[in-house]
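Chains, contacts and geometry: an overview
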Amino acid sequence: MSDILFYLLCGLLSVLVLVGISMMSKVEKAVKGNFLSTIAMAGAILLTLVYYDIISVTSLWIFMAIGLILGVIWGFKIKMIEMPQVVALLNGFGGIASALAATVIMIEPEQQNQDQLMFILVTASLALVVGVVTFTGSMIAAGKLQKVISQKPVIWKNHQWITGISLVLSILSIVMVAIDTKFLPISIIIGWVMGGFFGVAFTIRVGGADMPITISLLNSLSGVAGSIAGMASNNPLTVAIGGIVGASGLLLTQIMCRSMNRHLLDILLGKTTSTGHSKGVAVEASTVVTASDSEEDIVSDLASIMKSARRVIIVPGYGMALAQAQHLVSQLSDSLEQNGALLDFAIHPVAGRMPGHMNVLLAEANISYEKLREMDDINPEFPNCDLAIVIGANDVINPAANTAEGTPIYGMPVLDVDKAKHIVICNFDLKPGYAGVDNPLYKMRNVTMKLGDAKDTVKELIDMLR
Amino acid sequence: MSPLLLILIFIVSTVVGYIIIKNVPSLLHTPLMSGMNALSGITVLGALTATAFALGTGSKILGYIAIVLAMINVAGGFTVTSKMLKMFKHKEVDNK
């Protein structure tokens, strides 16, 4: 195959991937878009095999088949609640694959184009380090999400220093290659050990609620690692597609940071938000709840509010997902609609443990995607809303974000639940959310608190509608 | 291909990708991410060529592992993305 044809086909396949991705912006076309990307990927593999004249190497096919089969089987078995850790694991696989490919190139530099040897080896060692960082970082992230390791930020003694030193040594391993090829073996070892250590060090101190940001960042890194490995192996297609993935991860990281009111650097440096003034308020709020009308009055009152509500907005949070209550929430929304209510779901950008996670969980529970509305889209509708039902969400509905200057959530975009005429909050307890800021909603007169496991409280709500 | 050109390709694809992905609504961010995940398995191309031209047994084995892992990434990513996307539907379509 001539070089020109190869480059043309590379360009064509890259465009195909881009078209596939742009089709992902509409639900109706997204399945086809994903299929298109799959086809482009298969085409890319075939093209590479043909161009390098290695299509007849049986062992390559065997190992591709093994990976393919394992991947498909795994893909079918995955449950939607596990998506965050699955994405983290997949990021890790991509990262380590790049690192391994780079290592192979570095072990046998004599097999490479000698005119560009310096560029090839430097990019390979860079791909190695980024790939290994992605791998260990993703494994820790997956472990935290799967609760194999503690979700709390783990902070070692002199954490900052240790992290910094491992980063410097990782970079050193790349510089060494640039100085002299005789350093190659030692550079490979330092790259693996120090890069791997750095990945662990920077993810281990990230708290559970910051995971959406960490996963997006690792997603970006896995693409960048692939792209650099593409430079080392002189394959423009890998460079292009890796670059696209890197950009996507970066974009999602930005979106997540903005919606959580967090700076990326703070998360990487392990700054956790304060939880100073949480205790006093929890007590205060609970007294308010018990001090109001007797239990029975509330129940009958709430039942009539729910039955007469014409406009209802449900606000699901991670608490709903933790309690696995999404199918009950789906039932609740059906019952409300049968009572004549116009119902929508308000989804905060960071609801869940990864970008868009809540939408997937609700879609799985058979809720029509048109009812899943983004924050900016639905916020103006809260003032006209008869009833807002919050299920397992706290920080993202905290009106203090608009007013309480100096708190960690000040300035964070929130859902304007407080503007609704009546509010039901089904949260596990009265403790402040992850950010540790008291929620003034809990003390408002038109709020009914339903404390406990979301599965039980949502069931109670459904029973009230009967 | 010259190093400069490769770096240029990286920059262009990153910018174009960024612009296109900006249009994806947050509703579909999880499938977008797992789809991107699958695409990051494109590193399998590098693994394939590196492995095919490797001489030593050790480096070949490393290459094979890379191929398997990258393919799991690709296949798993695309499978779960399509499974997820198929769950997004209108209520009317699946009346119980």
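Residues numbered from 1 in each chain as written. Chains lettered and ligands numbered in written order. Predicted model: local features only at pLDDT ≥ 70, side-chain atom pairs only at ≥ 80, totals over all residues.

1. A closer look at the overall build of chain B
Each helix and strand in chain B was counted, giving four helices and zero strands. Ordered by position from N to C terminus, the α and β elements of chain B give α-α-α-α. Computed over the C-alpha atoms, the radius of gyration of chain B is 18 Å, more than 25% above the 12 Å expected from 2.2 N^0.38 for a compact globule of 96 residues. Taking the principal axes of the C-alpha coordinates as reference, chain B spans close to 60 × 30 × 15 Å. In chain B, buried positions account for 62% of the 96 residues. Put simply, of all contacts in chain B between residues at least 6 apart along the chain, 66% involve residues at least 24 apart. (Helix = DSSP H or I, 4+ residues; strand = E, 2+ residues; numbered from the N terminus. Rg over C-alpha atoms; globule rule 2.2 N^0.38 Å. Buried ≥ 20, exposed ≤ 12 C-beta atoms within 10 Å, placed from the backbone. Contact = placed C-beta atoms within 7 Å.)

2. Some points on the interface of chain A and chain B
In this complex, chain A contributes 97 residues to the contact, which on the side of chain B involves 78 residues. Elements with a contribution of two residues or more to the side of chain A that touches chain B: helix H1 (3–23), helix H2 (27–51), helix H3 (58–77), helix H4 (83–107), helix H8 (211–232), helix H9 (236–260), helix H15 (357–364) and strand S3 (372–374) of chain A. Across the side of chain A that touches chain B, the residue classes break down as 57 nonpolar, 36 polar and four charged. (Nonpolar A, V, L, I, M, F, W, Y, C, P; charged D, E, K, R; others polar.)

3. Brief notes about the domain arrangement of chain A
Residue and element names in this part refer to chain A. Its domain assignment divides chain A into domain 1 (78–268) and domain 2 (279–464). Computed from C-alpha coordinates alone, the two centres of domain 1 and domain 2 are separated by 38 Å. Across the boundary between the two partners, domain 1 contributes 17 residues, which contact 15 residues of domain 2. Looking at the side of domain 1 that touches domain 2, the elements with two or more residues in it are H4, H8 and H9. With five residues, the top contributor of residues to the side of domain 1 that touches domain 2 is H9. (Domains from an automatic or database assignment.)

4. Side note on the pairing of strand S2 (residues 342–347) of chain A
All names here are of chain A. Across four bridges, strand S1 (residues 311–316) lies against S2 in parallel orientation. Each residue of the ladder has a partner; that of Ile-313, found in S2, is Asp-344. Note: S2 against S3, three bridges, orientation parallel. For Ala-346, the partnering residue across the bridge sits in S3 and is Arg-373. In terms of handedness, the path from S2 via H15 over to S3 forms a crossover that is right-handed. (Pairing = 2+ DSSP bridges. Right-handed = clockwise from strand over helix to strand, strands pointing away.)

5. Digging into the environment of A:Ser125
All names here are of chain A. Among the structural elements, Ser-125 can be located in helix H5 (residues 117–145). Assessed through the 31 C-beta atoms surrounding it within 10 Å, Ser-125 is described here as buried. Taking the C-alpha atoms as reference points, Ser-125 and Ile-171, separated by 46 residues in sequence, lie 9.3 Å from one another. Not counting residues within four places of it along the chain, the set of residues in contact with Ser-125 comprises Ala-102, Met-106, Ser-173, Ile-174, Val-177, Ser-187 and Gly-191.

6. Here's the deal with the sheet that holds strand S4 (residues 387–391) of chain A
Where strands meet in a sheet, backbone hydrogen bonds hold them as pairs that are either parallel or antiparallel. All names here are of chain A. Strand order in the open sheet made by the six strands is S3-S2-S1-S4-S5-S6, with parallel pairing throughout. Every interior strand has two partners, whereas the edge strands, S3 and strand S6 (447–451), have only one. Taken over all neighbouring pairs, the strand axes of this sheet differ in orientation by 25 degrees on average, direction set aside. The sheet contact formed by S1 and S4 spans five bridges and is parallel. Bridge pairing links Ile-313 to Ala-388 in S4. Where H15 meets the sheet, it contacts S1, S2 and S3, and its direction lies at approximately 145 degrees from that of S2. Packing of helix H18 (residues 454–464) onto the sheet brings it into contact with S4, strand S5 (422–427) and S6, and relative to S5 it is tilted by some 145 degrees. (Axes fitted to C-alpha atoms, helices over the stretch in contact; angles between N-to-C directions.)

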